[in-house]
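Fold and geometry: a report
Okay, here's what each chain looks like letter by letter:
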Amino acid sequence: MTLLLNGFELAKQCRAALSEKIKTLPRAPRLAVILAGSDPASAVYVRNKEKAAREVGIESAVYRFESITQKELLTLIDSLNKNTDTDGILVQLPLPEGLDEKEILQAIDPAKDVDGFHPLNLGKLMIEEPAPIACTPKGCLKLIHLARQNLTGLSAVVIGRSVIVGKPMAQLLLKENCTVTAAHSKTKDLPELCRKADIVVAAIGKPKMVKADWIKDGAIVIDVGINRLKDGKLCGDVDFEACFNKCDAITPVPKGVGPMTIAMLLENTVEAMERRLSL
Ligand code: GUN
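The structure reproduced in this document is the subject of the present report. (Residues numbered from 1 in each chain as written. Predicted model: local features only at pLDDT ≥ 70, side-chain atom pairs only at ≥ 80, totals over all residues. Heavy atoms only, no water.)

As for the site of the ligand
Condition: One heavy atom within 4 Å of a molecule or strand is enough for the residue carrying it to be called near that molecule or strand. Polar contact criterion, stated in full: a pair of N or O atoms within 3.5 Å, where within protein one must be able to donate a hydrogen and the other to accept it, and residues adjacent in sequence count only if both atoms are side-chain atoms. Working definition of accessibility: Shrake-Rupley area with a 1.4 Å probe, residue cover restricted to the visible protein chains.
The local shell around the ligand consists of Lys 49, Leu 90, Val 91, Gln 92, Leu 93, Asp 115 and Phe 117. The separation between a nitrogen atom of the ligand and a polar main-chain atom of Val 91 is 2.8 Å. Contact between the ligand and Gln 92: a nitrogen atom at 3.3 Å from a side-chain N or O atom of the residue. When the ligand is considered free in solution it has 280 Å² of accessible area, and contact with the protein chains removes 83% of it.

Focus on the nonpolar core
As a reminder of what qualifies: Among buried residues, the Ala, Val, Leu, Ile, Met, Phe, Trp, Tyr and Cys ones that are joined through side-chain atoms within 4.5 Å form a nonpolar core. When a residue's accessible area, from a 1.4 Å probe over protein chains only, is under 20% of the maximum for its type it is buried; when over 50% it is exposed; and in between it is partly exposed. Working definition: helices are DSSP H or I runs of at least four residues, strands are E runs of at least two. Numbering for both runs from the N terminus. Any two residues whose heavy atoms approach within 4.5 Å at even a single point are treated as in contact.
In this structure, Ile 144, Leu 173, Ile 199, Val 201 and Ile 222 are the most contacted members of the largest nonpolar core, which totals 52 residues. Counting residues per element, this core draws most heavily on helix α10 (residues 257-276), which supplies 10 residues. Setting aside its immediate chain neighbours within four residues, Ile 144 contacts Leu 151, Met 169, Leu 173, Ile 199, Val 201, Ile 220 and Ile 222.

Examining the layout of surface pockets
Our working rule: The method works on a 1 Å grid over the protein atoms by themselves. A cavity is a set of points holding a 1.4 Å probe that cannot get out, a pocket is an open set with protein on both sides within 12 Å along at least five of seven lines, and residues with an atom within 4 Å of a point line them. Grid points are joined across faces, edges and corners, and a volume is the space filled by probe spheres set on the points. Gly counts as polar in this scheme, as do all residues outside two lists: the nonpolar Ala, Val, Leu, Ile, Met, Phe, Trp, Tyr, Cys and Pro, and the charged Asp, Glu, Lys and Arg.
In this model, the largest pocket occupies a volume close to 1600 Å³. Along its surface, the largest pocket is lined by 48 residues, and Tyr 45, Ile 226, Gly 258, Thr 261 and Ile 262 are the ones closest to its centre. Secondary-structure elements contributing two or more residues to the lining of the largest pocket are α1 (7-23), α2 (40-56), β4 (88-91), α6 (135-147), β9 (227-228) and α10. Approximately 250 Å³ is the volume found for the second largest pocket. Forming the boundary of the second largest pocket are Leu 93, Glu 101, Lys 102, Leu 105, Gln 106, Phe 117, His 118, Pro 119, Leu 122, Ser 162, Val 163 and Ile 164. Mapped onto the lining of the second largest pocket, the elements with two or more residues apiece are α4 (101-107) and α5 (119-126). Per-element tally for the lining of the second largest pocket: the top contributor is α4, with 4 residues. Considering only residue class, the lining of the second largest pocket consists of 7 nonpolar, 3 polar and 2 charged.

Some remarks on the sheet that holds strand β11 (residues 247-250)
Put simply, the test is: A pair of strands counts as paired when DSSP detects no fewer than two bridges linking them. Between N-to-C directions, angles span 0 to 180 degrees; the directions come from axes that are lines fitted to C-alpha atoms, helices contributing only their stretch in contact.
With respect to topology, 6 strands assemble into an open sheet ordered β1-β11-β8-β7-β5-β6, the strand pairing being parallel. Pairing within the sheet leaves two strands with one partner each, and these edge strands are β1 (3-4) and β6 (179-183). Along the sheet, α6 contacts β1, β7 (199-202), β8 (219-223) and β11; its crossing angle with β8, the most-contacted strand, is approximately 150°. Along the sheet, helix α7 (residues 166-175) makes contact with β5 (155-159), β6 and β7, crossing β5 at roughly 170°.

Description of the sheet that holds β4
The 3 strands are arranged β3-β2-β4 in an open sheet whose pairing can be described as parallel. Either end of the sheet is taken by a strand with one partner, and the two such strands are β3 (59-65) and β4. Within this sheet the neighbouring strands show an average axis-to-axis angle of 15°, counted without direction. As judged from the 4 bridges shared by strand β2 (residues 30-36) and β4, these two strands associate in the parallel manner. Bridging from a neighbouring strand, Val 33 pairs with Leu 90 of β4. On the sheet, helix α3 (residues 70-82) packs against β2, β3 and β4 and is oriented at approximately 180° with respect to β2.

With respect to the environment of Cys 194
Mapped onto the elements of the fold, Cys 194 is located in helix α8 (residues 190-195). A residue is classified by how much of its surface remains accessible, and Cys 194, at 0% relative accessible area, is buried. In this view, Cys 194 contacts Val 157, Ile 159, Val 200 and Trp 214; residues no more than four positions away in its chain are not counted.

Here it is as structure tokens:
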């Protein structure tokens, strides 16, 4: 029987646990979210983050800008860094053209970097020092652990090498003692590589690209993709229906990785407050 890795349910459990924990804190954790530009998908993601934060007892302040300059954005981040009442800062990506994403992300105080995108935090992940971990890969790992606790010795293929997902995901799996291949658009014979993998994480952004004959019997398949088809339906980077019976465990789209990304943002916000206030 294939295990459906239900991110919707797991995220609900994570949020319930966080909600209980927040009740024991001296004050509500505070998250600042910056949304620049008019990308409709980003607007939806930010609304979902805001709602999820409110429901667990995190106070969120959303700064929305149709247009903003690099300097103005850096000034806002500087003031949020200095504000002792702000525990976490998130700048929704992608930023509009003309803004320098790297400079913006590096301007966030690493202690308030609830996305784990600051170079210092990415570096800490490399050397296995405690640090905020990017929300999507952190959520993916929790989903993988639903299927299997001990990943030692397993082979994993991560498809996609973004700083947001692919690179930290590969690092997390390495830390779990997997043998990891970081695959990408220039990788030769990707299907053959995947066929040898016990774990496949697809973060490509191409609808249903991972086919059933890419999957080894009994593999764990994690689908990070959220693609909108012409008929308006959502689908992942994995051909879910075709792959389902071959896997030991697989995430659906929607209700797989997506809800976990938000739950991990809430967890990172609580952890940032605890670290800052030495709780
Ligand atoms: N855009 C897509 N995913 C993410 C994420 O996890 N964090 C931020 N800040 N922007 C994103």
